[in-house]
Amino acid sequence: MKKIWRTAVHGPWPYWVGAMVLGGLNILVLLVRKRPWGVTSNLQDWAVWLAHLLGLASERIPVSQLLLAEGTYLNLGVVLGALWAALAASQWRFRPLRQRKFGFSALIGGLFLGYGARIAYGCNVGGLLNGIASSSLTGWVFALAVFLGTWIGAKILLKFLV
Amino acid sequence: MEYYLDIWGEMCPIPIIKSQRKLKVMAIGDSLVLETEHSCTARGLVVWAQKEGYPISESEVAAGIWRLTIAKTHD
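Quick summary incoming for the structure in this document.

**Considerations on the overall build of chain A**
Per the secondary structure count, chain A includes eight helices and zero strands. For chain A, the α and β elements follow one another from N to C terminus as α-α-α-α-α-α-α-α. For chain A, the spread of C-alpha atoms along the principal axes amounts to about 55 × 45 × 35 Å. Expressed as a percentage of its 162 residues, the buried residues of chain A come to 20%. Here the analysis covers contacts within chain A between residues at least 6 apart in sequence; of these, 50% occur between residues at least 24 apart. Of the roughly 12400 Å² of accessible surface on chain A, 74% is carried by carbon and sulfur atoms.

**Some details on the pairing of strand β3 (residues 56–62) of chain B**
Along any regular strand the residues' side chains alternate between the sheet's two faces. All names here are of chain B. The pairing of β3 with strand β4 (residues 65–71) spans six bridges and is antiparallel. When the bridges of β4 are listed, glutamate 58 appears paired with leucine 68. Taking the residues between adjacent antiparallel strands as the criterion, β3 and β4 are bridged by two residues, where glycine 64 takes a positive phi near 80°.

**Thoughts on the sheet that holds strand β2 (residues 31–36) of chain B**
As a general point, the strands of a sheet are linked pairwise by backbone hydrogen bonds and lie either parallel or antiparallel. All names here are of chain B. Ordered in space as β1-β2-β4-β3, the four strands form an open sheet in which the pairing is mixed. Two strands in the sheet have a free side with no partner beyond their single neighbour: β1 (2–6) and β3. Neighbour to neighbour, the strand axes of the sheet diverge by 20° on average, direction disregarded. Contacting β1 and β2, helix α1 (residues 14–25) runs over the sheet at an angle of about 150° to β1. Helix α2 (residues 39–52) rests against β2, β3 and β4 of the sheet, and its axis sits at about 165° to β3.

**Things to note about a nonpolar patch on the surface**
All names here are of chain A. Among the surface-exposed residues, Val63, Leu67, Tyr73, Leu76, Leu80, Leu83, Leu87, Trp92 and Phe94 lie close enough to one another that they form a single nonpolar patch of about 910 Å² accessible area. Here the nonpolar patch gets five residues from one element, more than from any other, and that element is helix α5 (residues 70–88). Following the sequence through the fold, leucine 83 ends up in helix α5.

**So, the nonpolar core**
Ranked by size, the top nonpolar core spans 16 residues in total, and within it B:Leu23, B:Leu32, B:Leu34, B:Leu45, B:Trp48, B:Leu68 and B:Ile70 carry the most contacts. Of all the secondary structure elements, the ones that give two or more residues to this core are α1, β2, α2 and β4 of chain B. Here this core takes five residues from α2(B), the largest share from any one element. In this structure, B:Leu32 is in contact with B:Tyr3, B:Tyr4, B:Leu5, B:Ser19, B:Lys22, B:Leu23, B:Met26, B:Leu68, B:Thr69 and B:Ile70, ignoring residues within four places of it in sequence. Formed by six residues, the second largest nonpolar core is a distinct cluster that contains A:Trp37, A:Val39, A:Ala117 and A:Cys123.

**Some points on the pattern of salt bridges**
All names here are of chain B. Tallied over the full model, the rule gives six salt bridges over all chains. Lysine 18 serves as the salt-bridge partner of glutamate 10, at 2.9 Å between the closest nitrogen and oxygen. Its relative accessible area of 3% is what places glutamate 10 among the buried residues. Accessibility expressed as a relative area gives 23% for lysine 18, which makes it partly exposed. With a shortest N-O distance of 3.5 Å, arginine 43 and glutamate 58 are connected by a salt bridge. In this pair, arginine 43 sits in helix α2 while glutamate 58 sits in strand β3, placing the two residues 15 residues apart along the sequence. Given the relative accessible area of 35%, glutamate 58 is considered partly exposed.

**Description of the interface of chain A and chain B**
Facing 14 residues of chain A, the contacting portion of chain B comprises 18 residues. Taking both partners together, chain A and chain B bury about 1400 Å²; carbon and sulfur atoms supply 62% of that area. The largest share of the area that chain A buries against chain B comes from A:Arg95, A:Arg98 and A:Val162, three residues that together contribute 35% of it. Our count for the chain A to chain B interface comes out at one salt bridge. With a closest N to O distance of 2.9 Å, A:Arg98 and B:Glu37 form a salt bridge.

Criteria and thresholds
- Residues numbered from 1 in each chain as written.
- Chains lettered and ligands numbered in written order.
- Predicted model: local features only at pLDDT ≥ 70, side-chain atom pairs only at ≥ 80, totals over all residues.
- Heavy atoms only, no water.
- Helix = DSSP H or I, 4+ residues; strand = E, 2+ residues; numbered from the N terminus.
- Buried < 20%, exposed > 50% of the residue type's maximum accessible area, 1.4 Å probe, protein only.
- Contact = heavy atoms within 4.5 Å.
- Areas by Shrake-Rupley, 256 points an atom, 1.4 Å probe, with all protein chains shown as cover.
- Pairing = 2+ DSSP bridges.
- Axes fitted to C-alpha atoms, helices over the stretch in contact; angles between N-to-C directions.
- Patch = residues over 30% accessible without salt bridge, like charges linked within 9 Å, V, L, I, M, F, W, Y side chains within 5 Å.
- Salt bridge = Lys/Arg side-chain N within 4 Å of Asp/Glu carboxyl O.
- Core = buried A, V, L, I, M, F, W, Y, C linked by side-chain atoms within 4.5 Å.
- Buried area = accessible area lost by both parts, 1.4 Å probe.

In structure tokens, the structure reads:
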């Protein structure tokens with residue numbers, strides 16, 4: 001019992017346990033929210049808000065609307081939950097960038113991920129996971145693109161980052 | 001002989017590819033020591049070594065820092 005508790009707090013969780021917890025919570029989100037779990041639509045709304053503030057976009061989303069959006073709290077939950085889990089396992093620490101090229105790859109990768117997720121109307125959560133879960137063709141097309149993208153990404157990684 | 005590979009701050013699959021290359025030039029009976037501050041890198045290496053049939057020991061030497069030792073038992 002003590003060992004189970006230690007693994008639960010400290011990890012590592014077996015992959016199948018993580019998958020089942022994620023699946024259960026995903027169903028819960030769908031039941032409560034009446035809409036599947038997604039990440040990037042809300043991030044886009046916040047980006048529009050910031051862009052308007054900086055005078056880069058004419059479209060305006062009021063902050064009150066963003067603070068009332070479920071997506072804001074789902075995303076905050078992901079970040080704060082991860083922080084809490086790392087703190088509980090006493091594995092939280094500053095992890096400085098060891099090589100400059102990793103910083104560049106992270107920035108370029110982040111831009112592609114964000115832009116790609118929005119032109120695909122969803123990321124791997126809203127588009128892929130919940131796309132397939134709701135028998136949408138989008139999810140399968142997304143999966144195909146993920147395999148292709150990963151293959152190209154692996155080539156780039158081997159050439160520049162190893 | 002004992003070898004050490006620097007994988008600080010690196011994310012999978014880079015440490016796995018580096019380990020594969022290092023193991024190739026090592027002799028049977030040698031061991032490879034790795035240290036990482038990323039839990040997913042430690043996990044990825046353990047899962048990979050077990051799949052390849054290399055004995056691996058893992059210990060969290062400080063909060064959020066893992067030390068792994070892989071024994072090269074076969075080619």
